[in-house]
Amino acid sequence: MGIDGDASGPPRRQFGEEGGRLSYGGYLRLPELLDQQQPQSQAPDELLFITIHQVYELWFKLLLHELEGAREAMFAGELWKARHLFKRVHAVERVLIEQVEVLETMTPQDFMEFRAKLAPASGFQSVQFRELEFLSGLRDERYLGSFRHASDEELARLRRRLAEPTLWDAYLTALSRRGLPVSDEEIMTSLLAVARNRGSYDDLWQLAEDLLTHDETAALWRMRHVQMVERQIGTKSGTGGSTGAPYLRGRARLHYFPLLWELRAWL
Ligand code: HEM
Ligand SMILES: N[C@@H](CC(=O)c1ccccc1NC=O)C(=O)O
């Protein structure tokens with residue numbers, strides 16, 4: 001029996017073969033993709049280091065896309081759609097945490113074989129990571145300073161993220177579409193009304209839980225990253241010029257949606 005399952009006779013055309021324009025590698029642009037891993041040293045583990053960062057950046061790209069979709073859905077009052085997209089966001093974010101383990105198979109000695117070649121590059125210069133923070137509501141303009149070497153297009157993207165609405169802005173719109181006031185003075189009362197009146201507001205409550213999970217998972221990644229950093233470089237300072245682990249520990253305490261955490265104290 002042939003691989004197409006035919007016992008005999010001429011090979012039949014498989015589904016999708018009629019046009020014959022697309023191939024697996026052509027569609028996925030594999031020649032281009034697989035040409036992008038270019039180690040700067042002979043160190044055996046540099047391929048792992050490059051690959052894992054590229055995989056992160058691909059997931060970051062998808063997260064930005066899905067979070068933009070979730071934001072637009074909240075603005076449009078399509079809460080079911082926002083929740084559907086957040087489910088995917090959470091699944092990807094869990095993968096981001098899990099794959100730290102792959103890089104931790106590298107020993108610090110093996111990392112030191114090529115680490116010096118990396119400076120002054122560092123995760124500080126990840127445009128998409130900062131875009132995710134800005135879109136999620138953590139807008140610290142001081143980070144624009146880390147992008148002196150970024151292209152005009154990348155800088156424009158970061159500035160656009162600083163100017164555009166955040167996920168929290170979109171959630172506030174969803175609240176006010178349901179008649180709940182969202183001024184600074186009234187917002188906590190509205191969040192409490194949602195939490196205490198699930199019969200009327202369960203969709204808004206679940207959506208707030210989705211935002212909180214996004215926040216919590218991002219913080220888990222920061223903690224996981226700093227554990228990996230301590231394992232790899234101990235108390236050394238970073239190639240990007242920070243104090244290293246102490247700087248990163250400080251970042252792990254940050255929240256995208258502080259009011260959703262504060263709400264817990266009132267429930
Ligand atoms: C051997 C593994 C790694 C080490 C030792 C390491 C170390 C560091 C250090 C020390 C910093 C602070 C900036 C500096 O002064 O350099 C940093 C920042 C950062 N790293 Fe890593 N890193 C590692 C892997 C990764 C991976 C796999 C990613 C995935 C994209 C990543 C993303 C980032 C990001 C986004 C920042 C900025 C964090 C912030 O400002 O809050 N790092 N890293
Ligand atoms: N900042 C790291 C080096 C590092 O991990 C890195 C270097 C270049 C590009 C991305 C990196 N990943 C995260 O910071 C260090 O200080 O060892």
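The name an unreviewed UniProt entry gives the protein chain is Tryptophan 2,3-dioxygenase, with Nonomuraea rubra as the organism. In the Subunit (unreviewed entry) part of its UniProt record, the protein chain is described as follows: "Homotetramer." In its Catalytic activity (unreviewed entry) section, UniProt records this for the protein chain: "L-tryptophan + O2 = N-formyl-L-kynurenine".

Here we look at the site of ligand 1
Around ligand 1, 26 residues are found, and the nearest of them are Arg130, His225, Gly240, Ser242 and Tyr247. At 2.7 Å, a side-chain N or O of Arg130 approaches an oxygen atom of ligand 1. Note that an oxygen atom of ligand 1 is positioned 3.0 Å from one of the side-chain N or O atoms of Arg251. Looking at the shell around ligand 1, the elements that each hand over two or more residues are helix H3 (46–75), helix H7 (127–136), helix H11 (198–233) and helix H12 (245–251). Here the element with the most residues in the shell around ligand 1 is H11; it accounts for 6 residues. When the residues that make up the shell around ligand 1 are grouped by side-chain class, the tally is 13 nonpolar, 11 polar and 2 charged.

Some details on H3
Taking 1.5 Å per residue, 30 residues should reach 44 Å; H3 reaches 44 Å between its end C-alpha atoms and fits that length. Just downstream of H3 lies Gly77, where phi reads positive at about 75°.

As for the UniProt feature "binding site: heme" (unreviewed entry) in the protein chain
The UniProt feature table records "binding site: heme" (unreviewed entry) at His225. Relative to the elements of secondary structure, His225 occurs in helix H11.

Considering the packing of aromatic side chains
Enumeration according to the criterion identifies 12 aromatic pairs in this entry. With a centroid separation of 5.5 Å and an interplanar angle of 25°, the aromatic rings of Phe49 and Phe111 are classed as stacked. Within this pair, whereas Phe49 is found in helix H3, its partner Phe111 is found in helix H6 (residues 108–115), the two being separated by 62 residues in sequence. The pair Phe49 / Phe111 is uniform in exposure class, with both members buried. By way of ring pairs, the aromatic residues Tyr56, Phe60, Phe129 and Trp221 are connected into one cluster.

The rules behind the values
- Residues numbered from 1 in each chain as written.
- Chains lettered and ligands numbered in written order.
- Predicted model: local features only at pLDDT ≥ 70, side-chain atom pairs only at ≥ 80, totals over all residues.
- Heavy atoms only, no water.
- UniProt positions renumbered as here; feature names shortened; annotations may be inferred.
- Near = heavy atom within 4 Å.
- Polar contact = N/O pair within 3.5 Å; in protein donor to acceptor, adjacent residues only side chain to side chain.
- Helix = DSSP H or I, 4+ residues; strand = E, 2+ residues; numbered from the N terminus.
- Nonpolar A, V, L, I, M, F, W, Y, C, P; charged D, E, K, R; others polar.
- Expected span 1.5 Å × (residues − 1).
- Phe/Tyr/Trp six-rings, centres within 6.5 Å; stacked < 30°, edge-to-face > 60°.
- Buried < 20%, exposed > 50% of the residue type's maximum accessible area, 1.4 Å probe, protein only.

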